Amino acid sequence: MEVLKYTDKHEAFRRRLQDFISRQILPKIDKWESEHLVPADVWRAMGQEGFLCTSVAKIYGGLEGDFLYSVICIEEMAKTNQSGFLTLLHSDIVVPYIESYGSEEHKKKYLPGCVTGNIITAVAMTEPGAGSDLAAMTTSAIEEGNTIVINGSKTFISNGINCGLVVLAARDPAVENPHNAISLYLVEDGTPGFDKGKRLEKMGMHSQDTAELFFTNCRIPKENRLGAAGRGFFMLMKKLQQERLTCAVWALARTEYILDWTLDYCRRHSVSGQRLSRSQAVQFALAEMATEVRMSRSFVERLVADHMEKKDVVMETSMAKYQTSEMVNRIANRCIDMVGTYAVDETCPLAREWRDARVMTIFAGTNEIMKGIIAKSLNL
Ligand SMILES: Cc1cc2nc3c(=O)[nH]c(=O)nc-3n(C[C@H](O)[C@H](O)[C@H](O)COP(=O)(O)OP(=O)(O)OC[C@H]3O[C@@H](n4cnc5c(N)ncnc54)[C@H](O)[C@@H]3O)c2cc1C
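Draft legend 1. The overall build of the chain, seen in detail. Summing up its helical and strand segments, the chain has 12 helices and 10 strands in all. Principal axes of the C-alpha set define a box for the chain whose edges measure 80 × 50 × 40 Å. Here the chain holds 380 residues, and 54% of them are scored as buried. For the chain, long-range pairs separated by at least 24 residues make up 76% of all intrachain contacts whose partners lie at least 6 apart in sequence. Roughly 16800 Å² of accessible area belongs to the chain as shown, and the carbon and sulfur atoms make up 53% of that amount. Looking at the chain, you have 45 positive and 48 negative side-chain charges, and the mean spots of the two groups are 2 Å apart.

The following block contains the structure:
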């Protein structure tokens with residue numbers, strides 16, 4: 001059934017990562033969740049073992065691996081029952097902006113640190129008044145001689161507290177057409193005028209340091225613009241494809257984790273002297289969920305293969321992001337009902353899975369936006 005062809009090298013990489021996760025991540029998750037932060041040293045440990053930014057070219061210290069290495073990292077991290085250590089955002093969403101649009105100087109300066117985990121990255125698009133409608137952003141970037149002066153604020157920025165480097169979207173107020181007004185900039189932590197706000201208290205993803213970012217007369221060198229001036233909107237639209245695909249891979253893998261855990265629980269747990277898994281009602285529910293997950297995997301794997309072949313999969317990517325993010329919520333909810341009271345106890349992994357899954361229909365483009373893209377692709 002599996003579409004993707006993993007080599008022995010991929011499988012060896014997966015085994016090394018699983019070993020790293022069991023030693024360095026799993027024992028620490030409850031602490032991160034209660035402290036609402038993943039310490040930066042864990043990022044460095046992961047980077048030093050070669051598990052960050054696997055696509056980065058060898059000349060910048062990377063593995064120069066294909067997208068299957070990213071899929072392996074996303075899948076294995078999805079089985080850790082936490083969303084705070086958001087390596088997929090850094091490795092497969094933000095750093096690719098530098099790989100694709102950065103100058104040679106940008107790449108030499110930043111990519112090695114991104115690979116080792118010394119630099120943690122974030123992407124800042126969303127503003128209090130501009131979420132789905134990115135063209136409505138108001139954060140301004142005005143050229144003054146050799147510098148760019150930035151003013152405005154961003155919100156709901158993942159890795160917002162830990163980040164050492166931000167890919168920032170901002171507009172030139174002198175350009176009327178919003179699609180030609182937005183550019184992308186690299187802003188380093190510590191730049192005067194760049195301040196990190198408070199860590200946002202969310203209903204889930206407790207160890208994820210989602211934060212507000214503020215820019216007040218923040219001056220950066222003109223060379224910190226990524227790619228051509230005014231092309232930011234198009235770069236975002238292009239890169240959002242891989243972002244949505246990674247979200248689909250992640251949501252699918254988390255659903256598999258939830259279902260596997262519940263299958264195991266139902267096989268072991270008895271009610272009125274009978275294993276839950278011997279009840280036909282439970283069997284049918286699990287059979288329905290297993291079918292949905294298996295069919296979803298076939299679709300997502302085909303999509304990953306097409307993405308690797310650089311095919312145009314805009315509609316399919318939107319379908320996958322929409323379907324998998326709804327599925328993970330539906331299945332988390334249903335599994336909680338099947339397990340009963342224990343499922344809402346904080347020691348049960350389902351409690352955190354259910355909380356963390358909720359936002360997946362919202363970020364990386366809401367599912368309403370996904371359906372709009374699908375409808376447009378269907379010429380409706
Ligand atoms: C945990 C978390 C992490 C995030 N991380 C980041 C990050 O790292 N960087 C970043 O830049 N942003 C990030 N975001 C922001 C995220 O991308 C936005 O929340 C998302 O784009 C939706 O924007 P909004 O919440 O402002 O909703 P809005 O755009 O205000 O939408 C509100 C409602 O209207 C609907 N809607 C809007 N437009 C349309 C339309 N055209 N047709 C139909 N319905 C529509 C939406 O679907 C939604 O239901 C994060 C958000 C969360 C919750």
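Draft legend 2. Spotlight on the packing of aromatic side chains. Tallied over the entire structure, the rule returns 12 aromatic pairs. Between the aromatic rings of F13 and Y69, the centroid separation amounts to 5.0 Å while the plane-to-plane angle is 85 degrees, which identifies the pairing as edge-to-face. In this pair, F13 sits in helix 1 (residues 8-25) while Y69 sits in helix 4 (residues 67-78), placing the two residues 56 residues apart along the sequence. Summarising the aromatic geometry, the rings of Y265 and Y342 are spaced 6.1 Å apart at their centres and angled 25 degrees between planes, so their arrangement reads as stacked. Placement of the pair is Y265 in helix 8 (residues 232-268) and Y342 in the loop between helix 10 (314-339) and helix 11 (349-357), with a sequence separation of 77 residues. In this structure Y265 comes out as buried when scored by relative accessible area, which is 7%. Classification of Y342 by relative accessible area gives partly exposed; the value is 32%. An aromatic cluster of at least three residues, connected via ring pairs, comprises F13, F20, F51 and Y69. Between R14 and the ring centre of Y6, over which it is positioned, the NZ or CZ distance is 5.3 Å.

Draft legend 3. How the structure looks around the domain arrangement of the chain. Entries for the chain in the domain assignment read domain 1 (8-119), domain 2 (123-229) and domain 3 (234-377). A straight line from the C-alpha centre of domain 1 to that of domain 3 covers 22 Å. Listed as interface residues are 22 residues of domain 1 and, on the opposing side, 22 residues of domain 3. Inspection of the region where domain 1 meets domain 3 yields three salt bridges. In this structure, D30 and R352 form a salt bridge, with 2.8 Å as the shortest nitrogen-oxygen distance. Between domain 1 and domain 3 we count 11 residue pairs in polar contact (both at pLDDT 80 or more) in total. Sorting the residues of the side of domain 1 that touches domain 3 by element identifies helix 2 (29-35), helix 4 and helix 5 (87-101) as the ones contributing at least two each. Top element by residues in the side of domain 1 that touches domain 3 is helix 5. It accounts for seven residues.

Draft legend 4. Representation of the site of the ligand within the structure. Taken together, 17 residues lie around the ligand, and T126, S132, F156, T366 and E368 are the ones closest in. In this structure, M125 approaches the ligand through a main-chain N or O atom, which is 2.8 Å from an oxygen atom. A distance of 2.6 Å is found between a nitrogen atom of the ligand and a side-chain nitrogen or oxygen belonging to T126. When the free accessible area of the ligand is taken as 970 Å², the share hidden by the protein chains comes to 62%. Mapped by element, the contributors of at least two residues to the shell around the ligand are strand 1 (121-124), strand 3 (147-157) and helix 12 (367-377). Broken down by class, the residue content of the shell around the ligand amounts to 10 nonpolar, five polar and two charged. For the shell around the ligand, the two domains that each supply at least three residues are domain 2 (123-229) and domain 3 (234-377).

Draft legend 5. Looking closely at the environment of E127. Examined against the element boundaries, E127 turns out to sit in the loop between strand 1 and strand 2 (140-144). Note: C-alpha distance between E127 and E212 (85 residues apart in sequence) is 8.9 Å. Excluding its chain neighbours within four sequence positions, the residues that come into contact with E127 are M137, T138, T139, S153, K154 and T155.

Draft legend 6. Region of the structure containing helix 6 (residues 104-116). With 13 residues, helix 6 should reach 18 Å at 1.5 Å per residue; the first-to-last C-alpha distance of 19 Å fits that figure. Along its length, helix 6 shows its largest kink, about 35 degrees, at Y110, and proline P112 lies within four residues downstream of that point. Among the structural elements, helix 3 (40-48), helix 5, strand 1, strand 4 (165-171), strand 5 (182-188) and strand 8 (225-226) are those in contact with the buried residues of helix 6. G117 lies just past helix 6 and shows a positive phi near 85 degrees.

Draft legend 7. Looking closely at the nonpolar core. Formed by 98 residues in total, the largest nonpolar core has its most connected members in I25, M46, F85, V304 and L350. Top contributing element to this core by residue count: helix 8, with 17 residues. With residues up to four places along the chain from it excluded, the contact list for M46 reads L17, F20, I25, F51, L52, M77, F85 and T87. Listed in part, the 17 residues of the second largest apolar core include I157, V166, A170 and C218.

Cut-offs used in this document
- Residues numbered from 1 in each chain as written.
- Predicted model: local features only at pLDDT ≥ 70, side-chain atom pairs only at ≥ 80, totals over all residues.
- Heavy atoms only, no water.
- Helix = DSSP H or I, 4+ residues; strand = E, 2+ residues; numbered from the N terminus.
- Buried < 20%, exposed > 50% of the residue type's maximum accessible area, 1.4 Å probe, protein only.
- Contact = heavy atoms within 4.5 Å.
- Areas by Shrake-Rupley, 256 points an atom, 1.4 Å probe, with all protein chains shown as cover.
- Lys, Arg positive; Asp, Glu negative; His and termini not counted.
- Charge placed at Lys NZ, Arg CZ, Asp CG, Glu CD.
- Phe/Tyr/Trp six-rings, centres within 6.5 Å; stacked < 30°, edge-to-face > 60°.
- Lys NZ or Arg CZ within 6 Å of the ring centre and 35° of its normal.
- Domains from an automatic or database assignment.
- Salt bridge = Lys/Arg side-chain N within 4 Å of Asp/Glu carboxyl O.
- Polar contact = N/O pair within 3.5 Å; in protein donor to acceptor, adjacent residues only side chain to side chain.
- Near = heavy atom within 4 Å.
- Nonpolar A, V, L, I, M, F, W, Y, C, P; charged D, E, K, R; others polar.
- Expected span 1.5 Å × (residues − 1).
- Bend = angle between axes of the 7 residues up to and from the residue.
- Core = buried A, V, L, I, M, F, W, Y, C linked by side-chain atoms within 4.5 Å.

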